[in-house]
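Listed below are the residues making up each chain.
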Amino acid sequence: MKPVIRIDGEVVSPVSHNTAVEVEPGVYSILVEGSSYEVRVGAGQVAVGKRHFDYHVDDPRQWKRSGDAAGGQGRAAILAPMPGKVVRIMAAVGDEVEAGQGIVVVEAMKMQNEMKAPRAGRVSSIQVKENDSVVAGGVLAVIEPAVNS
Amino acid sequence: MFQKVLIANRGEIALRVIRTLREMGIRSVAVYSDADRASLHVRKADEAAHLGAAPSRESYLNVERILDAARRHKVDAIHPGYGFLSENAEFAQACVDAGFVFIGPPASAIAAMGSKTAARKIARDGGAPVVPGTEEGLMASPEGRAAATAFAAKAGFPVMLKAVAGGGGKGMRRVDRAEDLAANFDAASSEALRSFGDGRVYVEKLVENARHIEIQIFGDQHGNMVHLGERECSVQRRHQKVIEESPSPLVALHPEMRQRMGEAAVLAARAAGYYNAGTVEFLADNAGNFYFLEMNTRLQVEHPVTELVTGLDLVRLQVEIANGGRLPFTQDQVALRGAAVECRIYAEDPVNNFMPSPGRITQLAEPSGPGVRLDSGVYSGWTVPLDYDPMLAKLIVWADTREHAIERMLRALGEYHVGGIRTNIPLFEVILNDPAFRAGELHTGYLDALLKRPGLFDLAPAPDLAAVAASAVEIHAKPAASPIAEPANGGASRWLSGGREALLR
């Protein structure tokens, strides 16, 4: 049974007549009807020349799934993308916030990064305070759907 | 000439200096923190000295440990690179006191220009126009906030808050409304304190739609000083330069500006008793008026742009001048040729709000070919550390005209692939294709405005490319153990090739 390949979320069939050569680990030279493509495959990412795509393989034999952790329409956690230090809290528990509104500012790699609400709603908890150190993936705050939405 | 030089820095600039030292037959000593043991500058240096733990205070900002390393390795001179201790007058003096030549300006000139407020005084007294601002640096105290508020009320909004000890956009804030001033003032001050150990901030009237144009100057210890033309650095994000080029498209329209700015830059530098490499930054408007902004008393990140249009090696000149040499040319002999553009390649994701993207580089394809220079500090398999600035490399191109240089840069960016982490390469493709950038219609707010455009990074669907991508993914995802029946290996059966190999044994 062939694996199902999704490119940027869409099921895509490979080109039927092609010659592919792996020229370096993860780098493929593919010729299709006289056109030459260099394709680079990494973890969940594939680049054809300058064009980058996300990919996902649904292989019934492997059930190896990636990503999609955010899911669900209800609560949304704001996670620290990398280790850093909390420099500012920009919202309070109970605040109604817009999607994209800054909630917590984390300093990492000498840059201050505003961690934004992924969706509109109400701030149900803030799990850090100023000057806290956070680890990658640590929960900073949780947004819940506003009561009357 | 020096026998051995220590580079008190890391990353691409350390490697940049090592390369020139090697050309000059001088041994190089790299320094490294725990996070940088496997970094490229350590691999490429002749000698290397461990400084300490990853935090800069315990390594690249630690004067005593750097001087210890210099003593252990018996070097003659120390090159500070840019950032870290490069504009720290105490470090420059400590090098000299310990018996090492500091490859840069004298400590007194660094001190004079290092305080942005003092530098403004020197420039104004020397006759260069300056932007209105507070005379003194202000602390994040009730008095400081009051003085900032009073200046802003008099000069009118918007204003800029800047760290007195500043550089690299740290501790810098634009403020548009009186009610935002206090919060921004405190934030700028705390950022300045963390970055420079000095929380003083001053306030300047914001020159709207100004261009950032800077002049490279060079002086020797015998009183000779020249300028090497301008670089335009108006494409900035959060006050950090993103693209630099020479000539400036504005100066190309007003050729007399180059000489006027060059003379003003040399006057300001002379007033501070300056020698070695330095850069005088100006704000300019489209009518050709310009104002002294500040002086950077170091080799700049973007120095390769000047190297490509002048044909000079600025690091070699720095070393020769530090060794007591004379400038080998006069102002009349400085000739600018063609156009150069630089893109700063960062480990950050422009599509996701420029989130820093540290991590392991799993694949690396670097551009080359005609007119392409890559000053890089990374390699495939290296992990970009969290502890430092996320700049990976500088891609610089040269061509006969600006238009050709931009085309060349787009071609080179297309050859550049960094796998495993995100980079800002897609940002450059957007900027370099933007008609306003192509026309040279730049100002320091240009990029922020461009980034507000919706769908900036959206791409047209490309079903053909998606199918090609799927073809590679299909082969790649195949478990290694299963036999390959696709024509990926030219259609030959594994049994057949296995049998042939057996016969050859």
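Residues numbered from 1 in each chain as written. Chains lettered and ligands numbered in written order. Predicted model: local features only at pLDDT ≥ 70, side-chain atom pairs only at ≥ 80, totals over all residues. Heavy atoms only, no water.

Let us look at the overall build of chain B. Each helix and strand counted, chain B has 18 helices and 22 strands in total. If you line up chain B on its principal axes, its C-alpha atoms span 85 × 55 × 50 Å. A burial count over chain B gives 56% of its 505 residues as buried. Distance from the positive charge centre (55 side chains) to the negative charge centre (61 side chains) of chain B: 4 Å. (Helix = DSSP H or I, 4+ residues; strand = E, 2+ residues; numbered from the N terminus. Buried < 20%, exposed > 50% of the residue type's maximum accessible area, 1.4 Å probe, protein only. Lys, Arg positive; Asp, Glu negative; His and termini not counted. Charge placed at Lys NZ, Arg CZ, Asp CG, Glu CD.)

The next subject is the packing of aromatic side chains. Residues and elements named next belong to chain B. Throughout the structure, instances matching the rule amount to six aromatic pairs over all chains. Between Phe84 and Tyr388 the ring centres are 6.4 Å apart and the planes differ by 75°, which places this aromatic pair in the edge-to-face class. Of this pair, Phe84 sits in the loop between β4 (77-79) and α4 (89-97) while Tyr388 is found in the loop between β20 (383-384) and β21 (391-399), placing the two residues 304 residues apart along the sequence. Residue class for Tyr388 comes out buried when judged on its relative accessible area of 1%. With 6.1 Å between their ring centres and 85° between their planes, Phe91 and Phe102 make a pair best called edge-to-face. With Phe91 in helix α4 and Phe102 in strand β5 (residues 101-102), this pair connects stretches of sequence that are eleven residues apart. Among the aromatic residues, those joined into a cluster by ring pairs are Tyr60, Phe84 and Tyr388. Seen from the ring of Phe354, Arg237 lies directly overhead, with NZ or CZ sitting 3.7 Å from the centre. (Phe/Tyr/Trp six-rings, centres within 6.5 Å; stacked < 30°, edge-to-face > 60°. Lys NZ or Arg CZ within 6 Å of the ring centre and 35° of its normal.)

Moving on to the interface of chain A and chain B. In this complex, chain A contributes 47 residues to the contact, which on the side of chain B involves 47 residues. Counting each side, the surface lost to burial between chain A and chain B is near 4,000 Å², with a carbon and sulfur contribution of 64%. Of all residues in chain A, A:Arg51, A:Met109 and A:Lys110 bury the most surface against chain B, accounting for 18% of the area lost on that side. Here chain A and chain B share two salt bridges between them. Salt-bridge contacts for A:Glu107 lead to B:Arg194; the nearest nitrogen and oxygen are separated by 3.0 Å. In this assembly, chain A and chain B are joined by six residue pairs in polar contact (both at pLDDT 80 or more). Breaking the side of chain A that touches chain B down by element, the ones donating at least two residues are β1 (4-7), β4 (27-32), β5 (35-41), β6 (45-48), β7 (51-58), β9 (84-89), β11 (102-108) and β12 (111-116) of chain A. Along the lines of polarity and charge, the residues of the side of chain A that touches chain B split into 28 nonpolar, eight polar and eleven charged. (Contact = heavy atoms within 4.5 Å. Buried area = accessible area lost by both parts, 1.4 Å probe. Salt bridge = Lys/Arg side-chain N within 4 Å of Asp/Glu carboxyl O. Polar contact = N/O pair within 3.5 Å; in protein donor to acceptor, adjacent residues only side chain to side chain. Nonpolar A, V, L, I, M, F, W, Y, C, P; charged D, E, K, R; others polar.)

We now examine the nonpolar core. The tendency in soluble globular proteins is for nonpolar side chains to be buried side by side. Residue and element names in this part refer to chain B. With 46 residues, the main nonpolar core has Ile243 and Ile431 as its most contacted residues. At the level of secondary structure, the elements contributing two or more residues to this core comprise β11 (240-246), β14 (339-346), β19 (372-376), β21, α13 (402-415), α14 (425-433) and α16 (446-451). Apart from the residues lying within four places of it in its own chain, the contact partners of Ile431 are Val235, Val242, Ile243, Phe437, Tyr446, Leu447 and Leu450. The next biggest cluster of nonpolar side chains, apart from the first, holds 31 residues, and it includes Phe2, Ile13, Leu228 and Tyr346. (Core = buried A, V, L, I, M, F, W, Y, C linked by side-chain atoms within 4.5 Å.)

Turning to the sheet that holds β7(A), a few remarks are in order. Residues and elements named next belong to chain A. Strands sit in the order β2-β1-β7-β6-β5-β4-β3 across an open sheet of seven strands; the sheet is antiparallel. Each edge of the open sheet carries a strand with a single partner, namely β2 (10-11) and β3 (19-24). As paired elements, β5 and β6 share three bridges and run antiparallel to each other. What sits directly across from Arg40, in β6, is Ala47. (Pairing = 2+ DSSP bridges.)

Residues and elements named next belong to chain B. Compared with the 18 Å implied by 1.5 Å per residue over 13 residues, the 19 Å span of helix α1 (residues 11-23) between its first and last C-alpha is a close match. Extensive coverage of α1 is indicated by the burial of ten of its 13 residues. Every buried residue belonging to α1 is among Gly11, Glu12, Ile13, Ala14, Leu15, Arg16, Val17, Ile18, Thr20 and Leu21, and all of these are buried. (Expected span 1.5 Å × (residues − 1).)

Once that is clear, we can look at the pairing of β11(B). Residue and element names in this part refer to chain B. β11 sits mainly inside the fold: seven of its seven residues count as buried. Examined bridge by bridge, strand β10 (residues 225-237) and β11 share four bridges and lie antiparallel to one another. Note that in β11 the partner of Val235 across the bridge is Ile243. As consecutive antiparallel partners, β10 and β11 are separated by two residues, and within that stretch Arg238 has a phi angle of approximately 50°, a positive value. As paired elements, β11 and β14 share four bridges and run antiparallel to each other. Along β14, the bridge assignment pairs Ile243 with Cys343.

Across chain B, the average pLDDT comes to 92, with 94% of residues at or above 70. Low pLDDT, under 50, characterises residues 481-491 of chain B; the stretch is placed with six contacts to residues that sit more than four places away or in other chains. (pLDDT = per-residue confidence, 0-100.)

A word on the packing of α4(B) against helix α5 (residues 107-114) of chain B. Residue and element names in this part refer to chain B. In contact at an axis separation of 8 Å, α4 and α5 are set at 175° when each is read in the N-to-C sense. Here α5 runs roughly antiparallel to α4, going by the angle between their axes. Contact residues: α4 offers Ala89, Ala92 and Gln93, while α5 offers Ala107, Ile110 and Ala111. Of the residues belonging to the contact of α4 with α5, the class tally is five nonpolar, one polar and no charged. (Axes fitted to C-alpha atoms, helices over the stretch in contact; angles between N-to-C directions. Parallel < 35°, antiparallel > 145°, perpendicular 65-115°, else oblique.)

Residue and element names in this part refer to chain B. The full count for this structure, using the stated rule, is 43 salt bridges over all chains. We note a salt bridge from Asp36 to Arg10, for which the minimum N-O separation is 2.6 Å. Taken together, the positions of Asp36 in the loop between β2 (27-33) and α2 (40-44) and Arg10 in the loop between β1 (4-7) and α1 put the pair 26 residues apart, joining distant regions of the chain.

Bringing helix α8 (residues 181-196) of chain B into the picture now. The terminal C-alpha atoms of α8(B) lie 21 Å apart, and with 16 residues this matches the ideal 22 Å at 1.5 Å per residue to within 8%. Regarding α8(B), the residues found buried are B:Leu181, B:Asn184, B:Phe185, B:Ala187, B:Ala188, B:Ser189, B:Glu191 and B:Ala192. Against β9 and β12 of chain A together with α7 (142-155), β6 (159-163), β7 (173-175) and β8 (201-205) of chain B lie the buried residues of α8(B). In the stretch just after α8(B), B:Gly197 is the one whose phi turns positive, near 70°.

Moving on to the sheet that holds β14(B). Either a parallel or an antiparallel arrangement is found when strands of a sheet pair, and the pairing is made through backbone hydrogen bonds. Residues and elements named next belong to chain B. What the eight strands build is an open sheet, ordered β13-β12-β9-β10-β11-β14-β21-β19; its pairing is antiparallel. Two strands bound the open sheet, and with one partner strand each, they are β13 (290-296) and β19. Across this sheet, the average inter-strand angle for adjacent strands is 25°, counted without regard to direction. Bridge count between strand β9 (residues 211-219) and β10: six bridges; the pairing is antiparallel. Looking at the pairing, Ile215 lines up with Glu230 of β10. Contacts from helix α10 (residues 256-271) reach β9, β10, β12 (276-284) and β13, with the element oriented near 105° to β10. The strands touched by helix α12 (residues 314-322) are β9, β10 and β12; relative to β9, the strand with the most contacts, the crossing angle is about 40°.

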